[in-house]
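The residues making up each chain are set out below.
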Amino acid sequence: MLYLIVLLPLIGSLFPALLRRASPTAMAWSAALPVIAALSVLAAQSPAVLAGTVVRADWPWLPAAGLTLALRIDGLSWLFGMMVLVIGLLVQLYARYYMQDDRELGRLYALLSLFMASMLGLVLSGNLLLLVVFWEATSLVSFLLIGFKTADPAARAGARTALAVTAGGGLALFAGVLLLGRIVGSYDLDQVLAAGDLVRAHAWYRPTLVLVLLGAFTKSAQFPFHFWLPRAMSAPTPVSAYLHSATMVKAGIFLLARLYPTLSGTSEWLAIVSTVGMLTLLVGAYSAMWQHDLKGLLAYSTISHLGLITLLLGFSSPMAVVAAVFHVVNHATFKASLFMAAGIIDHEVGTRDMRVLNGLWKQMPWTGALAIIAASAMAGVPLLNGFLSKEMFFAEALASQTLGIRWIEPLAAVVAGALGVGYSLRFIMEVFFNADDTPLPQTPHEPPAFMRLPGGALAIACLAVGIAPSLLVTRQLLPAVGAVLQAPAPTFDLGIWHGVNLPLVMSVLALVGGVALYRVREAAYAWHDRLPTVDGLRIFDAIFAAITRTAVHATQALENGSLQRYVRWLLLAALVAGVAPWLNSAWMANAWSTVRDTGVVWPAEMPDAASTAVWLLLVAGTLWTVTSRHAPLTAVVAISTVGLLVSLAFARLAAPDLALTQLLVELVTILLLLVAVKHLAPAAATLESRSPRVRDALIAGVIGGVSGLLAWVLLERPRVPSVSDFYALASLPQGHGRNMVNVILVDFRGFDTLGEVAVLTMAALGVLIALDQSRPPVSDSSAPATQPAQTDPFAEQSPVLLRMIARALLPLAALMTVFVLLRGHDLPGGGFAAGMLTAVMLVVQALAGEAGALRPAGFDLRRVMMGGLMIALATGAASVLFGLPFLTSGYRSITLPLIGSIALPSAMAFDLGVYLAVVGATVVIVQRLGHYGAAPHDAPETSQ
Amino acid sequence: MIATSFSVGVLSSLAPTPIHQAFARDLLVLPVLLPLAAACLSLLTSSILWRRILMLGTTLLLVALSGWLLPMADLGQVLVYRLGNWPVPVAIVLSLDRLAALLLLLTAIVATGSAWAALRGDDQHGPHFHAALLLLIAGVNGAFLTGDLFNLFVSFELLLIASYGLLVFGGTPARVRSGVQYAVLNLVGSSIFLVGIGMLYSVTGTLNLAELSQRVALLDAPSAAFARSGALLLLVVFALKAALVPFSFWLPAAYSAASPPVAALFAILTKVGVYAIVRMSTMVVGTDAAHRANLYGEWLWPMAVATVAFGALAAIGTRSVRRLQSALLIVSVGTMLASMAHGSEEGLSAGLFYLVHSTIAAAAMFLIAGLSEQRDAPRRWTSVLFFVGALSVAGLPPLSGFLGKVLMLQAFPADSRLPVMWTVVLGSSLLAVIALSRRGAALFWGAADAPETSTLTRAREQRRPVPRALLSRVPPTALLLVLAAVTIGAGALSDFTQRTAQQLLAPSQLRSQILDAPGGR
Amino acid sequence: MNLLLASAIAVLIGSGAYLVLRARLFTVLLGLMLVGYGVNLFLLAMGRVRVLVPPIITDAGGPYADPLPQALVLTAIVIGFGMTAFLLALAVRSRSVFGSDHVDGLADSTDSASASDSAAAPPVLVARHAAS
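Please read these numbers as outputs of a predicted model, since none were measured by experiment. (Residues numbered from 1 in each chain as written. Chains lettered and ligands numbered in written order. Predicted model: local features only at pLDDT ≥ 70, side-chain atom pairs only at ≥ 80, totals over all residues. Heavy atoms only, no water.)

*Asks:* Which parts of the structure should I look at to understand the side chain of threonine 204 of chain B?
*Replies:* Position of threonine 204 of chain B among the secondary structure elements: in helix α8 (residues 173-204). Look at threonine 204 of chain B and you get buried, because its relative accessible area is 2%. Excluding anything up to four places from it in sequence, threonine 204 of chain B contacts Val720 and Pro721 of chain A together with Leu212, Arg215, Val216 and Leu219 of chain B. (Helix = DSSP H or I, 4+ residues; strand = E, 2+ residues; numbered from the N terminus. Buried < 20%, exposed > 50% of the residue type's maximum accessible area, 1.4 Å probe, protein only. Contact = heavy atoms within 4.5 Å.)

Below, the structure is given as structure tokens:
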């Protein structure tokens, strides 16, 4: 039930957004009806709440975090909720006329309702985390509202400033709430309010207090965070009337009041809150005096009044709380009314500059009258509500001992009062009277009655409350005060006349001073203009710009786009990772003992000649590659020798399969390099000098050394029992193959092989993608010099002899392929080797001028490769049909004529798939690279 | 709360029984096989329509499948699939625990969004987009499912080579440049990966993660040092995938150059790195292997914090909305790992919660960024999407990102690291808000400054066709709706991640459940 | 024998790492291949060294070289081949796009504005000269 109060406006925000073409009136109703409904729901709770009971509704949301959707209505939240809803309604009515010829009216209504929902959630939430949620929500929606006139740079700047300040404060509040939660052990408001002593005694009290206050002060535009509020005045007037007088800026005050029982009463609270409050009070009032923009004046006066309320809460005496709550309501009423008046004037006259405005009383007496009432309330003239709360404020200022010095608060109060009277007078006189002959942008006339109605209603309220306070508001104030104090509210009398006492004298002083100040305003302006202006806004912007600058520089310094640097860091990190575990404790000893007990010694017998020879050649070839890197062709020859030597090494290390595969892979790789080299001819400038060779050599040397060292030590360590022992036992009886490596590849670890074939096929596709010429790269045209040669390397005529040999070799190679493929299961060979062999063969054919060899009958080799993959998949899946896991290899022995009975594991079929995939992928890669730069239609992917 | 009870209801309505579970176990290989097969088929057909149907159909199928597997895994018993029907330490096993199930589902969702978004024309620059995307998914799912170290390597290679292809797809200079850097870095990474595997194998004689963790715990001092070296080398590789500082600088260039759907899909790739780190740190160098308790944690913490800091700076320091989103992706990864680094159950659970949120949010935001650059796209709806997306990536209320941050900040123990953690997380949020509001205002509030022009040029560069509203606006909207669901069902999700964390932090049970899997010849 | 193998690994990986740190893509490719050889040998070495006893079951039975690392290396070789081929293709493309085979696609100014259109676009080049 209670949730409706928040949900209705939320839902209500949809209608205006949906019916954007509707008439303003329809839109207004669609927005207003849900609000009226919500208001009635809240009103239904009034009797209970005003009787002092606390109405709750709970719903778990994120139990793990103690975050519940808890609504909790006590006097305070009731008062604020009412304020939000009632003033919200009036603002909606006002906006209907203020923006009736604006096609963005729907957006305004939607956002206003959205804001209303989040504001209600804020004041009604019974869980501190939930409160934070709505808190940030208000900041975000207000960002959109302030920036409503998106075309106006000022609006954008204002919106972003407001967001940065309030959202930042919100995060501080978030941290503070988390701390509170840790101290109290719950975010539930009832428990937090009850745990005051615990919190105040806790070691984290100070950080908690500071963080929470940061949140409150930023939101309520307290000094020194006040500067965002004037900048936010570029919002449409209804928004200012709603957010910046009645609701959002009151959120901070609300928070102070809400957590008053938990946080207040300590010296820190008194010191911080009342100091900030007093400074804000003075700064606001002072700055308001010099504004020429109506809304600017109102904004600063709002700041000053918020400071006043904060100061009252800082006093932390029961009566001060009464005054604070009372003034919240009063300020909301007269300030909202004044904003509306300012809006009307702006709307009718077309300017808000008080230096231009004059003598409007003649044309718009009604508006004038209402504005005068509200302004007098602001000034604290008797018989108006502002007067009452200001009296109470004076009384409290006299009573308080907060800052030690007895007279300072009363003095501040009077000064601020006088300034308040001053700028209120300016508002009245310079707009409606002081007629001079300054031309007005438009000839004004009274707005439609309905546009005056909202402001009027509020002004009347000021008057009514001012005259019969105890009749009208006491009953509503008492429970709120009780909620703030978490104690029965003090008995107070909101009488108008308390006899002649000090507060009255102060009021008179303030009035007189204000009038005097207004009299001498010209001189005062002159004096003020001579002062150096200190603008918080400019400081903020400066800080902002500085942050951005450092961020840009830092980003560019780190993310500088240099691959060499990224790789260097990666290698160094790997080095650290490899070495770190050895450095932990007395590592010398550790290492030495490692060497000793692992028996690392110089090899007893010298290695045999063959191995030594391979080793020497390998080292030589490697160094040759390094040195010849600038001569691509030489480098290719060099690295291919290295590759061949590596395959020799494999053979020597009892790994015939590796030797074979390495050999064939090497052949294909050389082919690729040779084909690609012409595209990779070094650019005019070889760009090596950039990276200091010595340092890199050092890094590389250390890395090589460490990896070699690790390998050595490991090699000397005894072999541990390994899963391989199983293969030795199971390969023949269960895998039906003698060649363990092949059995592992196609059976034990067939899944790896599958994935690896997939990698190879994807690599082929990647080559096709990378060299896709269906759309030439953008800047090819800009660098015509680098156009790849438009020749097909396979097209050139090659020596007759080579062609004849190639032809002769063809059947032999084919036969050999079959042989390698079939025997693979028992002897070195298998799908990869065979596939590579076929590929090499085809490529040789092509080089020999058989142009078609790479695309026999022009069909698409990608199909071979994918078909191979499919076969492999299907073989694996076949076992599933027999209820066995994927890739379970079956086995049957068949009898062929002549050859006799041979074992035929299904793994063979798998290997066949692998074979096809390898052939397809390899040939696709080779021929695509070979044809790169040739006419696009050569590209196989365009063959379809 | 309705949603909670609702989702609970859904879970219970499926009422997973042992029979279901056995069936589920038999399907474990499908998340890898389906995309593989679909990829093959997609190359055998020549009509883009069929390829698109295959791609989108497969991703949707995967959503359904993994959505069905999740409750099975949630029974607490690890599902083990022995490929080739060999006994466990020998066979490559696929194992599905809560974590794997969660990430499978996440992958499927993101992949669907990306695939759908690609239909608007990003897949038309050549015939191989669909196959590449499917192979990438196969690789990712394989990485999440496999219980074998070398098979993890193979899966990584598959998803990497596929990602290279997707990144340079379309071949704009920006993509080629960043593609080269991305590929070279990861090729170096692969070599490091192999060395690490080798060292671990040489001292333990096994590749099965479960058995590996058992043996690692029993090693003598020098062998243990080797194992630690190997494990740390793997950490380097995984950190490279997860884009942790100092390995995160390649990411903004690459992700901002890729086409929006690809970038959205890549949002999951960093999570593969995170997953691998979590898996290794809980299972292999796990907290219960006494003499190397939380080996990764002490290295992870500083890296994670630095990552958040760098990401936040990069977010402020850029004028391009895509780079901004890339930076925020880095921030999110750093944040979740900072929360996980501590090795506490709550921290792990909170990190996983945030992982789910931030991945979807990032994917959505990459798509939205793509929309926002199209001057002819409908602005109003796009701007709404951008606003909501910005909230979610910045982790602001009311979306689940905020809840994730609440969980992470709460879970963090009150030790000396606490202030650092809170400052970093909240500070990065603030910077994110500032940066996003700036970009948003510049993009949608008609301040024609630098990004506009540059994005214009890029749009021209890519010759994107005008997107049809359905294709271009639905996917991000759908992803944001998923986020909304996550937000409402946050209670259920956080309970699930809690259970996940418990399961992960009791590795001995995981181990025995995998090693004692019945069967074998 | 062990020492030979270990030192060979050291030389291969060391030189490879050096080449990978160079600025030209072709050189980097060579480096990656060298590192690949070294890593493959390293992986093979992890099964310890046994000469003359290939893992092919003979009726004599008896100790064989560890087949598992061999299988892994074989997989690694093929994968490495695929990767090399792709990078080669990418290098060719990059060369034809940027007119140089610098790893960062330098010597192309028209594009970098839109390529990395952060504020870091032109400064990237500057920063690099300063950085390394």
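*Asks:* What's the story with the interface of chain C and chain B in this structure? I'm lost.
*Replies:* One frequent convention defines the size of an interface as the accessible area lost when the parts assemble. Opposite the 37 residues of chain C that make contact, chain B presents 38 residues. Viewed at the interface, chain B and chain C are joined by zero salt bridges. Counting every contact that joins chain C to chain B gives four residue pairs in polar contact (both at pLDDT 80 or more). Broken down by secondary-structure element, the contributors of at least two residues to the side of chain C that touches chain B are α2 (25-45), α3 (67-98) and α4 (109-115) of chain C. The dominant element in the side of chain C that touches chain B, judged by the number of residues it contributes, is α3 of chain C, at 14 residues. Broken down by class, the residue content of the side of chain C that touches chain B amounts to 23 nonpolar, seven polar and seven charged. (Salt bridge = Lys/Arg side-chain N within 4 Å of Asp/Glu carboxyl O. Polar contact = N/O pair within 3.5 Å; in protein donor to acceptor, adjacent residues only side chain to side chain. Nonpolar A, V, L, I, M, F, W, Y, C, P; charged D, E, K, R; others polar.)

*Asks:* Just to check I follow, could you spell out helix α31 (residues 656-680) of chain A for this structure?
*Replies:* In an α-helix, one turn spans 3.6 residues, which is why side chains three or four residues apart end up on the same side. The first and last C-alpha atoms of α31 of chain A sit 34 Å apart over 25 residues, in line with the 36 Å expected at 1.5 Å per residue. The largest bend along α31 of chain A measures about 25° and falls at leucine 674 of chain A. (Expected span 1.5 Å × (residues − 1). Bend = angle between axes of the 7 residues up to and from the residue.)

*Asks:* How should I be thinking about the pairing of strand β1 (residues 79-82) of chain B in this particular structure?
*Replies:* Within a regular strand, side chains alternate between the sheet's two faces. Residue and element names in this part refer to chain B. Burial of the side chains of β1 extends over both faces: Leu79 and Tyr81 are buried on one face and Val80 and Arg82 on the other. Taken together, the four bridges between β1 and strand β2 (residues 93-96) define a ladder with antiparallel strand orientation. By the bridge assignment, tyrosine 81 is partnered in β2 with leucine 94. (Pairing = 2+ DSSP bridges.)

*Asks:* Would you mind going over the environment of leucine 294 of chain A with me for this structure?
*Replies:* All names here are of chain A. Checked against the element boundaries, leucine 294 lands in helix α16 (residues 294-315). The class for leucine 294 is buried, based on a relative accessible area of 0%. Once the C-alpha coordinates of leucine 294 and leucine 163 are considered, the two residues, 131 residues apart in sequence, prove to be 23 Å apart. Filtering out sequence-adjacent residues up to four positions away, leucine 294 remains in contact with Ala342, Ile345, Arg352, Met354, Leu357, Phe427 and Val431.

*Asks:* Explain the packing of aromatic side chains to me, please; I cannot follow it from the model alone.
*Replies:* Note on aromatic pairs: each is described by the distance of the centres and the angle between the planes. On inspection of all chains with the given rule, the structure shows 39 aromatic pairs over all chains. Arranged with centres 6.1 Å apart and planes meeting at 75°, the rings of tryptophan 290 of chain A and tyrosine 525 of chain A form a pair that is edge-to-face. With tryptophan 290 of chain A in the loop between α15 (267-289) and α16 and tyrosine 525 of chain A in helix α25 (residues 521-530), this pair connects stretches of sequence that are 235 residues apart. For the ring pair phenylalanine 726 of chain A and tryptophan 86 of chain B, a centre distance of 6.2 Å and an interplane angle of 85° mean the geometry is edge-to-face. With phenylalanine 726 of chain A in helix α33 (residues 724-735) and tryptophan 86 of chain B in the loop between β1 and β2, this pair bridges two chains. Its relative accessible area of 0% is what places tryptophan 86 of chain B among the buried residues. Three or more aromatic residues joined by ring pairs make a cluster, and in this case those are Tyr164, Tyr182, Trp250, Tyr255, Phe266 and Phe366 of chain B together with Phe86 of chain C. Over the face of the ring belonging to phenylalanine 148 of chain A we find arginine 107 of chain A, whose NZ or CZ atom lies 4.2 Å from the ring centre. (Phe/Tyr/Trp six-rings, centres within 6.5 Å; stacked < 30°, edge-to-face > 60°. Lys NZ or Arg CZ within 6 Å of the ring centre and 35° of its normal.)

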